[in-house]
Amino acid sequence: MSAQLAAWLALPEGEALTLLLIVLLAGIVRGFSGFGLSALTMAAAALIVPPVQLIPALWFVELTANLLLMKGGFRDGDLKVALPLFIGGTAGWPLGLFLTTSVSTETSRLVALLLVAALAALQLANIRIPAMATRPGLYGTGLLSGVASGLASIGGMVVAVYILSSGQPAWRMRGSMVIYLVLGSATSLAILLAFGLMDREALMRGLVLSVPGALGVLVGVRLFTPRLALWYRPFCLALIAGLALWGAGRALW
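Computed from a prediction, not measured in an experiment: that's the story for all the values here.

Each value, and the rule that gives it
- Residues numbered from 1 in each chain as written.
- Predicted model: local features only at pLDDT ≥ 70, side-chain atom pairs only at ≥ 80, totals over all residues.
- Heavy atoms only, no water.
- Core = buried A, V, L, I, M, F, W, Y, C linked by side-chain atoms within 4.5 Å.
- Buried < 20%, exposed > 50% of the residue type's maximum accessible area, 1.4 Å probe, protein only.
- Contact = heavy atoms within 4.5 Å.
- Helix = DSSP H or I, 4+ residues; strand = E, 2+ residues; numbered from the N terminus.
- Axes fitted to C-alpha atoms, helices over the stretch in contact; angles between N-to-C directions.
- Parallel < 35°, antiparallel > 145°, perpendicular 65-115°, else oblique.
- Left-handed = near helix turned anticlockwise from the far one by under 90°.
- Nonpolar A, V, L, I, M, F, W, Y, C, P; charged D, E, K, R; others polar.
- Phe/Tyr/Trp six-rings, centres within 6.5 Å; stacked < 30°, edge-to-face > 60°.
- Patch = residues over 30% accessible without salt bridge, like charges linked within 9 Å, V, L, I, M, F, W, Y side chains within 5 Å.
- Areas by Shrake-Rupley, 256 points an atom, 1.4 Å probe, with all protein chains shown as cover.
- Salt bridge = Lys/Arg side-chain N within 4 Å of Asp/Glu carboxyl O.
- Expected span 1.5 Å × (residues − 1).
- Bend = angle between axes of the 7 residues up to and from the residue.

### Quick notes on the nonpolar core
Reasoning step 1: Met-42, Val-116, Leu-192 and Leu-209 are the most contacted members of the largest nonpolar core, which has 71 residues in total.
Reasoning step 2: In this structure Met-42 touches Pro-51, Leu-54, Ile-55, Leu-58, Ala-112, Leu-113, Val-116, Ala-152 and Ser-153, once residues within four positions along its chain are discounted.

### Looking at helix α3 (residues 37-45)
Reasoning step 1: For α3, the tally of buried residues reaches nine of nine residues, placing the bulk of the element in the interior.
Reasoning step 2: When we look at burial in α3, the residues that qualify are Leu-37, Ser-38, Ala-39, Leu-40, Thr-41, Met-42, Ala-43, Ala-44 and Ala-45.

### What to know about the packing of α3 against helix α4 (residues 51-69)
Reasoning step 1: Relative orientation of the contacting elements α3 and α4 amounts to 150 degrees, with a least axis distance of 10 Å. Put simply, α3 runs roughly antiparallel to α4. Of the two elements, α3 crosses α4, and the hand of that crossing is right-handed. Across the interface between the two elements, Leu-37, Ser-38, Thr-41, Met-42 and Ala-45 from α3 touch Pro-51, Leu-54, Ile-55, Leu-58, Val-61, Glu-62 and Ala-65 from α4.
Reasoning step 2: Tallied by class, the residues present in the contact of α3 with α4 amount to nine nonpolar, two polar and one charged.

### So, the packing of aromatic side chains
Reasoning step 1: Going through the model one piece at a time under the given rule, you end up with one aromatic pair.
Reasoning step 2: Judged by centre distance (5.0 Å) and plane angle (85 degrees), the rings of Trp-59 and Phe-60 are edge-to-face. No difference in accessibility class separates Trp-59 from Phe-60, as the two residues are buried.

### Considering the environment of Met-177
Reasoning step 1: Checked against the element boundaries, Met-177 lands in helix α10 (residues 170-194).
Reasoning step 2: When its relative accessible area of 15% is taken as the criterion, Met-177 is described as buried.
Reasoning step 3: Through-space distance from the C-alpha of Met-177 to that of Leu-124 is 20 Å; in sequence the pair is 53 residues apart.
Reasoning step 4: Setting aside residues up to four positions removed in sequence, Met-177 forms contacts with Gly-156, Val-159, Ala-160 and Ile-163.

### Considering a nonpolar patch on the surface
Reasoning step 1: Together, Leu-79, Leu-83, Ile-87, Tyr-139 and Leu-183 line one region of the surface with nonpolar side chains, adding up to about 430 Å² of accessible area.
Reasoning step 2: The leading source of residues in the nonpolar patch is helix α6 (residues 79-102), at three residues.
Reasoning step 3: Counting through the fold element by element, Leu-183 comes out in helix α10.
Reasoning step 4: With relative accessibility at 32%, the residue Leu-183 sits in the partly exposed group.

### A closer look at helix α11 (residues 200-223)
Reasoning step 1: For α11, with 24 residues, the first-to-last C-alpha span of 35 Å sits near the 34 Å given by 1.5 Å per residue.
Reasoning step 2: The largest bend along α11 reaches roughly 30 degrees and is located at Ser-210, with the proline Pro-212 sitting one to four residues downstream.
Reasoning step 3: Inspection of α11 places Ala-202, Arg-205, Gly-206, Val-208, Leu-209, Ser-210, Pro-212, Gly-213, Ala-214, Gly-216, Val-217 and Gly-220 among the buried residues, and these make up the whole buried set.
Reasoning step 4: Tucked into the core, α11 has its buried residues touching α1 (2-9), α2 (13-33), α3 and α4.

### Focus on the pattern of salt bridges
Reasoning step 1: Under the counting rule described, the total for this entry stands at two salt bridges.
Reasoning step 2: The closest approach of N and O atoms between Arg-30 and Glu-62, which form a salt bridge, is 2.8 Å. With Arg-30 in helix α2 and Glu-62 in helix α4, the pair connects residues that are 32 residues apart, well separated along the chain.
Reasoning step 3: Given the relative accessible area of 7%, Arg-30 is considered buried.
Reasoning step 4: Residue Glu-62 is classed as buried on the basis of its relative accessible area of 17%.
Reasoning step 5: Two residues, Arg-205 and Glu-201, come together in a salt bridge whose shortest N-O distance is 3.4 Å. You can see Arg-205 and its partner Glu-201 sitting in helix α11, four residues apart, about one turn around the helix.
Reasoning step 6: For Glu-201, a relative accessible area of 36% translates into the label partly exposed.

If you want it as structure tokens, here you go:
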């Protein structure tokens, strides 16, 4: 069975099993914290699979997680927030993918890991950027989110910085995030296809990885304990930042 999974993932058996475990754990983190699936996977798996190959596979994993967690999103979300994010994100995705595909695998890996670490550190430090809370800042956030998605599939973490800076209720911003991600899934798929990255290998990897990702999300939702909610976010961000810096250090050496 493990040999078949390795064949589907186009990886050596040991690396394939490691990648499946990483996505399972990242799904658990997403289930109980609400974020971090792609960021944690990128931070831990970029040394196994180059970011340019991991990004299209994570499209399927993120879509599966969003569908599992979208309950109430369209009802609670704010289109005045979601649409500018979507417009900016659509413009930013091609730029991020162009940068990723224009440099060497080693460079794209290092850039992706450092970007993950920087965004996690910003949120861990609760740094607010007032300019992001303006109307132009909202479109700019969408643009940066698209670029980050094209570079490392972590556009959601850019939006999380906006959420921190906006001061809006968390439930409304979560709903807006769901609308943004669902709308963006179609355009990001078209862009991945246009760049030739959504090939048969990416399709197979994405479908296989969606299974442990979905399982992890469901387990994470069950593990959520309200009395510990205060600690989930800093724990997850510290884990993501630590793994990304460790990976960047290994990439440099």
